[in-house]
Amino acid sequence: MDFSLTPEQIQLRDTVREFAAREVAPHIQEWDAKGEFHPEVLHKMGELGLLGLPIPEAYGGSGFDYVALALACDELEYVDTFLRVVMSVHVGLNSLALLQWGDEEQKQRFLAPQARGEKFGTFALTEPNAGSDAGSIESTYVRDGDAYVLNGAKMWISLAAMADHFLVFASFDRSKKHNGLTAFMLERDMPGLTTGTIKGKLGVRAGNTGELAFNNVRIPLANRIGEEGEGFKIAMSCIDQGRFTVGAGAVGLIRACLDASVKYANERYAFGQEIGRFELVKQMIAKMAANHDASRLLTMQAAELKNRGIRNTRETSLMKWFGCDAALEAANDAIQVHGSYGYSNEYPVERFWRNSRGAVIYEGTREIHTILQADYALGYRQDKPLRCPQPPAEGFEREVDRVPALAL
Ligand SMILES: Cc1cc2nc3c(=O)[nH]c(=O)nc-3n(C[C@H](O)[C@H](O)[C@H](O)COP(=O)(O)OP(=O)(O)OC[C@H]3O[C@@H](n4cnc5c(N)ncnc54)[C@H](O)[C@@H]3O)c2cc1C
């Protein structure tokens, strides 16, 4: 496996780094403290081509591969998690799902304006009474002539206040559980669709998270994504892509914790020497460095499989689970390295801890990933081929016969 970056990937990484350092880093402590969401930042991400990064040029995207997507998420989350969340929901959970499951008309109508940054997309699976247990969602729809009629509610939906397109999952028969789900693309101006913002979040305070309510929303047949009853498979393949962006972002968050801790450990003196000279402080720094590289390598493994269109559910779950746990540990230790100053928003590490906490819950809780990994190892779980497999990245050939390097 070749870990070197291409000149284009390096240029992209540097562009994203400069953008986040210039547009967001100087303001983020204030935005986070005030809980302010700044949509203009998303428009600037669109102008840079980030919102269509891995989408083929034919659909308005930039045509980069998954290594590039990982680098962008890493650089964005280095500055703040809310930036990476935009990539997770708009690119990972929505646009890449359209690329995989949408028909040509849907790709032109929804995907292309999203990739160009003209429209914003999000993903709505979670409900007040159903999160991990997606087969139990309570939103339901019925067919009525030339449309479907949807009722229900969604909760914890990123970009709810701003999105134009909502990838929503609902059931036509709740007794069928997972097999009763269907995916729809809702549009903001559809009568009966309302959105609200959730206040009082622990982290990602500069981002927007909200609720959706559906009151007899009429959805044209042309807005159904995939077949009826295929919604659960679509949701899980969306999550395969979203998780990848979350795990890749965790690498940047660990790096942010490491950089802040190294700087502080070299500046702070106790007992006549820099605190970095103490063995127990070194232990925390060493763990951050090791977990950074391990998370990055797991990210590159998943990126390689995605580039070549090889099923990667196990490897993506692994990089997301490992990376997010490692980011939370790094942020916790970064506060410890900073002592009481780490407990104050004078330094960024308390924000890193609050932001890292959420990723151990969303896109599969720590417990769900633990079960998944154990089930793969024990042979209780095998992935079946999908009707629409993930397409390889632009410029790559599908290599279905290739065995992942670390296959169990
Ligand atoms: C900041 C943020 C942004 C989010 N953005 C989105 C979004 O854009 N779109 C969206 O659809 N959702 C979003 N979510 C929701 C998120 O995906 C869910 O919260 C998550 O799936 C967990 O569901 P839950 O909160 O209902 O917890 P539950 O599923 O109720 O779980 C509660 C606890 O029980 C454990 N548990 C559940 N089942 C099992 C089991 N089988 N074995 C062992 N333990 C189990 C869980 O691990 C957890 O510890 C977001 C959440 C947050 C915090």
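Only a predicted model underlies this, so the values are computations on that prediction, with no experimental measurement involved.

Draft legend 1. The arrangement of the side chain of Ser88 in detail. With respect to the helices, strands and loops of the structure, Ser88 is situated in helix α5 (residues 81-101). The exposure class assigned to Ser88 is buried, which follows from its relative accessible area of 2%. A distance of 2.7 Å separates a polar atom in the side chain of Ser88 from a polar atom in the side chain of Thr245. Other than its neighbours up to four places away in sequence, Ser88 contacts Leu93, Gly242, Thr245, Val246 and Glu363.

Draft legend 2. Structural context of the nonpolar core. By size, the foremost hydrophobic cluster in this structure holds 71 residues, and its most contacted members are Met45, Phe82, Met87 and Phe169. In terms of residues, this core owes the most to one element, α5, which gives 13 residues. If sequence neighbours within four positions are ignored, Phe82 has contacts with Val24, Ile28, Trp31, Val41, Leu42, Val204, Ala206 and Gly207. The next biggest cluster of nonpolar side chains, apart from the first, holds 28 residues, and it includes Met288, Ala326, Ala327 and Phe352.

Draft legend 3. Helix α9 (residues 313-338), seen in detail. In this model, α9 (26 residues) spans 37 Å end to end at C-alpha, consistent with the 38 Å of a helix rising 1.5 Å per residue. With 20 of its 26 residues buried, α9 lies for the most part within the structure. Among the residues trailing α9, Gly339 stands out with phi positive, at a value near 55 degrees.

Draft legend 4. Region of interest: helix α1 (residues 7-23). Taking 1.5 Å of rise per residue, the 17 residues of α1 would be expected to cover 24 Å, and the 24 Å separating its terminal C-alpha atoms lies within 8% of that figure. Where α1 is concerned, the buried positions are Gln9, Leu12, Val16, Phe19 and Ala20. The arc enclosing the buried residues of α1, seen along the axis, measures out at 95 degrees, which places them on a common side. Those residues of α1 that are exposed and angled more than 90 degrees off the buried face are Pro7, Gln11, Glu18 and Arg22. In this fold, the buried residues of α1 make contact with α3 (39-47), α4 (66-79) and α5.

Draft legend 5. Focus on the domain arrangement of the protein chain. Per the domain assignment, the segments of the protein chain are domain 1 (7-120), domain 2 (122-229) and domain 3 (232-378). Measuring from the centre of the C-alpha atoms in domain 1 to the corresponding centre in domain 2 gives 22 Å. Across the boundary between the two partners, domain 1 contributes 30 residues, which contact 21 residues of domain 2. Where domain 1 meets domain 2, there are one salt bridge. Two residues, Glu187 and Arg109, come together in a salt bridge whose shortest N-O distance is 3.6 Å. Where domain 1 touches domain 2, the interface holds seven residue pairs in polar contact (both at pLDDT 80 or more). Of all elements in the fold, only α2 (28-34), α3, α5 and α6 (104-115) reach the threshold of two or more residues within the side of domain 1 that touches domain 2.

Draft legend 6. Structural detail: the packing of aromatic side chains. For the coordinates displayed, the defined rule picks out ten aromatic pairs. A ring pair is formed by Tyr141 and Phe184, whose centres lie 4.9 Å apart and whose planes are at 80 degrees; its orientation type is edge-to-face. Highlighted residues: Tyr141 in strand β2 (residues 140-144) and Phe184 in strand β5 (residues 181-187), separated in sequence by 43 residues. In this structure, Tyr141 and Phe184 share a single accessibility class: buried. With a centroid separation of 6.3 Å and an interplanar angle of 85 degrees, the aromatic rings of Phe271 and Phe278 are classed as edge-to-face. A relative accessible area of 26% means that Phe278 is categorised as partly exposed. Ring pairing ties together the aromatic residues Tyr141, Tyr148, Phe172 and Phe184, which thus form one cluster. Here Arg143 stacks its cationic end above the ring of Tyr148, 5.8 Å away from the centre of that ring.

Draft legend 7. Region of the structure containing the pattern of salt bridges. Under the criterion given, the structure shown has 28 salt bridges. The closest approach of N and O atoms between Arg308 and Glu399, which form a salt bridge, is 2.8 Å. Highlighted residues: Arg308 in the loop between α8 (279-307) and α9 and Glu399 in the segment after α11 (366-378), separated in sequence by 91 residues. For the salt bridge of Arg314 with Glu315, the shortest nitrogen-to-oxygen distance reads 3.7 Å.

Draft legend 8. Spatial organisation of a nonpolar patch on the surface. Together, Met1, Phe3 and Leu297 make up a nonpolar patch on the protein surface, roughly 330 Å² of accessible area in all. Looking at the element boundaries, Leu297 is found in helix α8. Residue class for Leu297 comes out partly exposed when judged on its relative accessible area of 47%.

Draft legend 9. Structural context of the site of the ligand. As a matter of local geometry, the ligand sits amid 16 residues, with Thr126, Ser132, Trp156, Thr365 and Glu367 nearest to it. Leu125 is positioned with one of its backbone polar atoms (N or O) 2.9 Å from an oxygen atom of the ligand. Ser158 places a side-chain nitrogen or oxygen 3.0 Å from a nitrogen atom of the ligand. Burial of the ligand by the protein chains amounts to 63% of its free accessible area of 980 Å². Put simply, the parts of the chain that give the shell around the ligand at least two residues each are β1 (121-124), β3 (147-158) and α11. By residue number, the principal contributor to the shell around the ligand is β3, which donates three residues. For the shell around the ligand, the per-class residue count stands at nine nonpolar, five polar and two charged. Composition of the shell around the ligand by domain shows at least three residues from each of domain 2 (122-229) and domain 3 (232-378).

The rules behind these values
Residues numbered from 1 in each chain as written. Predicted model: local features only at pLDDT ≥ 70, side-chain atom pairs only at ≥ 80, totals over all residues. Heavy atoms only, no water. Helix = DSSP H or I, 4+ residues; strand = E, 2+ residues; numbered from the N terminus. Buried < 20%, exposed > 50% of the residue type's maximum accessible area, 1.4 Å probe, protein only. Polar contact = N/O pair within 3.5 Å; in protein donor to acceptor, adjacent residues only side chain to side chain. Contact = heavy atoms within 4.5 Å. Core = buried A, V, L, I, M, F, W, Y, C linked by side-chain atoms within 4.5 Å. Expected span 1.5 Å × (residues − 1). Arc of directions from axis to C-beta. Domains from an automatic or database assignment. Salt bridge = Lys/Arg side-chain N within 4 Å of Asp/Glu carboxyl O. Phe/Tyr/Trp six-rings, centres within 6.5 Å; stacked < 30°, edge-to-face > 60°. Lys NZ or Arg CZ within 6 Å of the ring centre and 35° of its normal. Patch = residues over 30% accessible without salt bridge, like charges linked within 9 Å, V, L, I, M, F, W, Y side chains within 5 Å. Areas by Shrake-Rupley, 256 points an atom, 1.4 Å probe, with all protein chains shown as cover. Near = heavy atom within 4 Å. Nonpolar A, V, L, I, M, F, W, Y, C, P; charged D, E, K, R; others polar.

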